[in-house]
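# Working through the structure, step by step
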Amino acid sequence: MINIRPALLALFATTCLATPAFAEEAPDGTIVVTAARGTALKDMDVSATVITAREVEMSPATATDQLVNRIPGVFTLNQPAAVLHPTGDTFSIRGFGTTTNVNTLVMVDGIPANDAFFRVVDWNQVAKSQIGSIEVIRGGGATSLWGNMAMGGIVNILTRAPEAEHMDFDASVGSFRTLSGTATAGLALGGDVVAGLTVSDTTSAGYNKTPEAYRNPAMAATSSNNLNIQGSVRAATGADSSLFLTASWHRLQENNLVWTLTQNRWQTWRVAFGGEKRVGGGRLALTGWVGGGLMNTTNVSQTPGFSIFNPAVGVPYVSQTENATYHSLGGSLVWQASLGVLKDIKLGVDGRSLSASDPLNLFATTGATGNLLAKAKHHFEGVFAQATLAPGAFPLEVTIGLRGDFWQTADGSLSGNYRGTVLASAIADQSISRFDPRIGMKLALGRGLSLRGAAYSNFAAPGMNQMVRSFIGGTSYTTFNPDLKPQTNLGGEIGLDFNAQGALGEISLQASAYANTLRNFIDFATVQSGCAAANNYCGTGIVGINGGRLNQYVNAGDAVLRGFEVLGSWRRGRLSAQGGFTYTDAHLTHSLYAAASNGVIPDPVGQQLGQVPEWTLTASAAWRASDALQFNVAVKSFPAYWASTSHVQRNDGATIVDLGAAWEVRPGLTLYTSLQNVGNNRFLDQGLGLTATNGSIVSGSTVPARGMPFWATFGIRAHI
């Protein structure tokens, strides 16, 4: 192991910089992927996709989460993100990532956007009409450049840069009294300096997610309000340099999430700054950011307890309020150049510091029962180098990447009381150094065909939620686990790319096979049951609750995640189509919880991991009927799948069809419509619980939830 911390801390303290987030397109039309820190899409040796501004605009999806959900190889829940609990949205690429174990990095303009404490993604912080493009790198091929959390891949959402002396408007009305509007204005400040302001606001009465057969009278439609404000200043300070400054603020408010009395408010802010300049025959890019946020949540329980077998019984009461606050800062400094046969050289450092405070107040029907306070800080520093050897005499390119990482937890603690039990646990500081290499190749075979492959190792540190948070609900106590180890992965992929243009049109095909070996898989598990006052509630010291279970995030064992994907696109004249099929076999090869004991439901070995469908199919097509009129269709299909690794909840599979149309009334003015889930497919996006692993007996305590129903939207876009 290497200790890179002192040098990185010194450099980080003096720069506090990160890679800039500007999407680039070379004069020859080459797309440069900022999620790969400036590599051309056509040169990448891993599976990658860029969703262009035109594709974003014409998609039938009306929100960012729905747009991401239709990208081949990406899986999210099919309930709108604005009606999901902030900690409840699945996000996975190639099987990496669940609501409790997020291993895929999401960025907005090149800056990490995963929640600092829970690691989940708030897709609402960028409205669809704000998006300029979306970059997706599947698998761990970019972790030598990004390190922690990029184990499963990267999604980078790039926002639109305002145009000087222009304004853009997007307004729509939709089902369930949904109103949405976005306005963007650009102003020239002199020279090559452009300032911009974007404001986006969406309100919706929402739909009642619980099917009528299981609905309690106190269950309601989930209403929401989503507000985003972003300001920016961008300046070209010469032929070879530029600067930028951006500030953004976001708030999502949810009311009546399934039950009346529940509400959530997720709020974030961020200031980013930096630029780039030609230095030493290359380009030096730097940026920094500072940000913060809060997550306010009010949860309810019922008395008596809710059951789907008798849903009318049960009156909700506030059982918990949570007011988590976060702070983060980070950045990197990257130099990129090409020297002779070495091209796309990248040398850089990066770092990120996170701190969180998570106070919970607990209640019973008789009033307050206690409070808990979890605190922690996590620090990440990394140094990396990557270069591609491209000898001109032979059509083979070899890319080698090296990365060193240092991860540290500090100042962690859990304190509070519950019904007279005092909790005061100082969590010991710990740290780990990592060295992760990667190697890739791309061989041009001629006639538009190329062979590529990559092998890599990477890691994902446990999050603060997994290590320090505790909470009590009913007779269940979820306790902290400061001894969690980072997950590590050894993976690789191989693929064929084909591109051709002829009488049949433009054709692009991409086929990839991948395999990953994941160690120390982190899962949310019941580790003991039958906890009672007589056994000191399974040794935790908690009193006042009896006969329940003890939950914990644990290193459950080892897993493999392997499969294949086929992606393709076609364009001829006014017709175009694209799609993808992904198959993923993800299962534990070794489990510490493979056998039932003391009533604990086991994690089965050799069976599909929770929240990972075995396959997904996406397809879309567009027909430009005239220069002014376009029609679109999008389809996503997936099978029934387990919502938990212990196989005690089964979610429905579905095939969802969306339709869209746009009519350019005149240049700069477009009318559009979107029809989502045509046919109103009624499937359970959160299914029925079972009493045992792979069981057939339904549990009454799990509240099922419908996926998004039929949803119609009508809107207008204007560019002035």
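Being a predicted model, the structure only gives us computed values, none of them experimental.

Moving on: the overall build of the protein chain. Across its full length, the protein chain holds 6 helices and 40 strands. A principal-axis box enclosing the C-alpha atoms of the protein chain has dimensions of 75 × 60 × 50 Å. With 720 residues in all, the protein chain has 57% of them scored as buried. Intrachain contacts of the protein chain at a sequence separation of at least 6 include 67% that bridge at least 24 residues. For the protein chain, the exposed surface amounts to about 27600 Å²; the carbon and sulfur share of it is 60%.

On to the nonpolar core. Counting residues in hydrophobic clusters, the biggest one holds 75 residues, and the most contacted among them are Ile 137, Trp 146, Ile 154, Tyr 326, Val 468 and Ile 542. Other than its neighbours up to four places away in sequence, Trp 146 contacts Thr 34, Ala 35, Arg 37, Leu 105, Met 107, Gly 110, Ile 154 and Arg 403. Residues Val 56, Val 74, Ala 81 and Val 121 belong to the second largest nonpolar core, which totals 21 residues.

Turning our attention to unusual backbone geometry. The omega angle of the peptide bond from Thr 303 to Pro 304 is -10 degrees, so this bond is cis rather than trans. Looking at the element boundaries, Pro 304 is found in the loop between β17 (282-303) and β18 (315-339). With a phi angle near 60 degrees, Asn 256 is a residue other than glycine that sits in the positive phi range. Locating Asn 256 in the fold gives a position in the loop between β15 (241-255) and β16 (263-279). Residues other than glycine seldom take positive phi values, yet Asn 536 does so here, at roughly 60 degrees. Along the polypeptide, Asn 536 turns up in helix α6 (residues 536-539).

Read across the sheet, 3 strands follow the order β33-β34-β38 without closing on themselves; strand pairing throughout is antiparallel. Edge strands, defined here as strands with exactly one partner in the open sheet, are β33 (641-642) and β38 (688-689). The sheet contact formed by β33 and strand β34 (residues 649-651) spans 2 bridges and is antiparallel. Bridging from a neighbouring strand, Tyr 641 pairs with Asn 651 of β34.

The subject of this paragraph is the sheet that holds strand β8 (residues 111-112). Spatially, 5 strands are ordered β4-β9-β10-β7-β8 in an open sheet, and the strand pairing comes out mixed. The open sheet has two edge strands with one neighbour each: β4 (48-51) and β8. Relative to strand β10 (residues 153-159), strand β7 (residues 105-108) is paired through 4 bridges, and the arrangement is parallel. Counted as the bridge partner of Val 108 is Ile 157 from β10.

Here we come to a nonpolar patch on the surface. A cluster of nonpolar side chains, contributed by Leu 187, Leu 189, Val 233, Leu 245 and Phe 273, occupies part of the molecular surface with about 410 Å² of accessible area. In this structure, Phe 273 sits in strand β16. Classification of Phe 273 as partly exposed rests on a relative accessible area of 32%.

Looking now at the pattern of salt bridges. Per the counting criterion, the structure on display carries 25 salt bridges. The salt bridge involving Glu 565 is made with Arg 94; its shortest N-O contact spans 2.7 Å. Taken together, the positions of Glu 565 in strand β29 (residues 548-572) and Arg 94 in the loop between β6 (91-93) and β7 put the pair 471 residues apart, joining distant regions of the chain. You can call Arg 94 buried: its relative accessible area is 2%. Close ionic contact of Asp 411 with Lys 377 constitutes a salt bridge, the shortest N to O distance being 3.5 Å. Placement of Asp 411 in strand β21 (residues 396-418) and of Lys 377 in strand β20 (residues 367-389) is noted, with a sequence separation of 34 residues between them. According to the relative accessible area criterion, Lys 377 is partly exposed, its value standing at 35%. What emerges from the salt-bridge pattern is a single network uniting Arg 94, Lys 442, Arg 452, Glu 493, Asp 497 and Glu 565.

Right, let's get into the packing of aromatic side chains. Inspection of the entire model under this criterion finds 16 aromatic pairs. Ring plane angle 80 degrees and centroid distance 5.1 Å describe the contact between Phe 91 and Trp 123, whose orientation is recorded as edge-to-face. In this pair, Phe 91 is assigned in strand β6 and Trp 123 in the loop between β8 and β9 (131-138), connecting sequence segments 32 residues apart. For Phe 91, a relative accessible area of 2% corresponds to the buried category. For the pair Phe 564 and Phe 581, a centre-to-centre distance of 6.0 Å together with 35 degrees between the ring planes defines the contact as tilted. Of this pair, Phe 564 sits in strand β29 while Phe 581 sits in strand β30 (residues 575-591), placing them 17 residues apart in sequence. Overall, the relative accessible area of 37% leaves Phe 564 in the partly exposed class. Judged by relative accessible area, Phe 581 falls into the partly exposed class, the value being 29%. The ring of Trp 146 carries the charged tip of Arg 37 above its face, separated from the ring centre by 3.7 Å. Here the guanidinium or amino end of Arg 650 rests over the ring plane of Trp 642, the centre of that ring lying 4.7 Å away.

A few words now on the state of the cysteines. As enumerated under the stated definition, the model contains 1 disulfide in all. Across the disulfide from Cys 531 sits Cys 538; the S-S distance is 2.0 Å. As the torsion about the S-S bond is roughly -100 degrees, the Cys 531-Cys 538 disulfide counts as left-handed. Neither residue differs from the other here; Cys 531 and Cys 538 are each classed as buried.

Looking at the protein chain, pLDDT values average 90 and 96% of them are 70 or higher. Within the protein chain, the lowest mean pLDDT, 35, falls on helix α1 (residues 5-15), and the highest, 98, falls on strand β36 (residues 669-676). Low confidence marks residues 1-23, where pLDDT is under 50. Its contacts with residues over four positions away, or in another chain, come to 69 contacts.

Reading guide: rules and limits
Residues numbered from 1 in each chain as written. Predicted model: local features only at pLDDT ≥ 70, side-chain atom pairs only at ≥ 80, totals over all residues. Heavy atoms only, no water. Helix = DSSP H or I, 4+ residues; strand = E, 2+ residues; numbered from the N terminus. Buried < 20%, exposed > 50% of the residue type's maximum accessible area, 1.4 Å probe, protein only. Contact = heavy atoms within 4.5 Å. Areas by Shrake-Rupley, 256 points an atom, 1.4 Å probe, with all protein chains shown as cover. Core = buried A, V, L, I, M, F, W, Y, C linked by side-chain atoms within 4.5 Å. Pairing = 2+ DSSP bridges. Patch = residues over 30% accessible without salt bridge, like charges linked within 9 Å, V, L, I, M, F, W, Y side chains within 5 Å. Salt bridge = Lys/Arg side-chain N within 4 Å of Asp/Glu carboxyl O. Phe/Tyr/Trp six-rings, centres within 6.5 Å; stacked < 30°, edge-to-face > 60°. Lys NZ or Arg CZ within 6 Å of the ring centre and 35° of its normal. Disulfide = S-S within 2.5 Å. pLDDT = per-residue confidence, 0-100.

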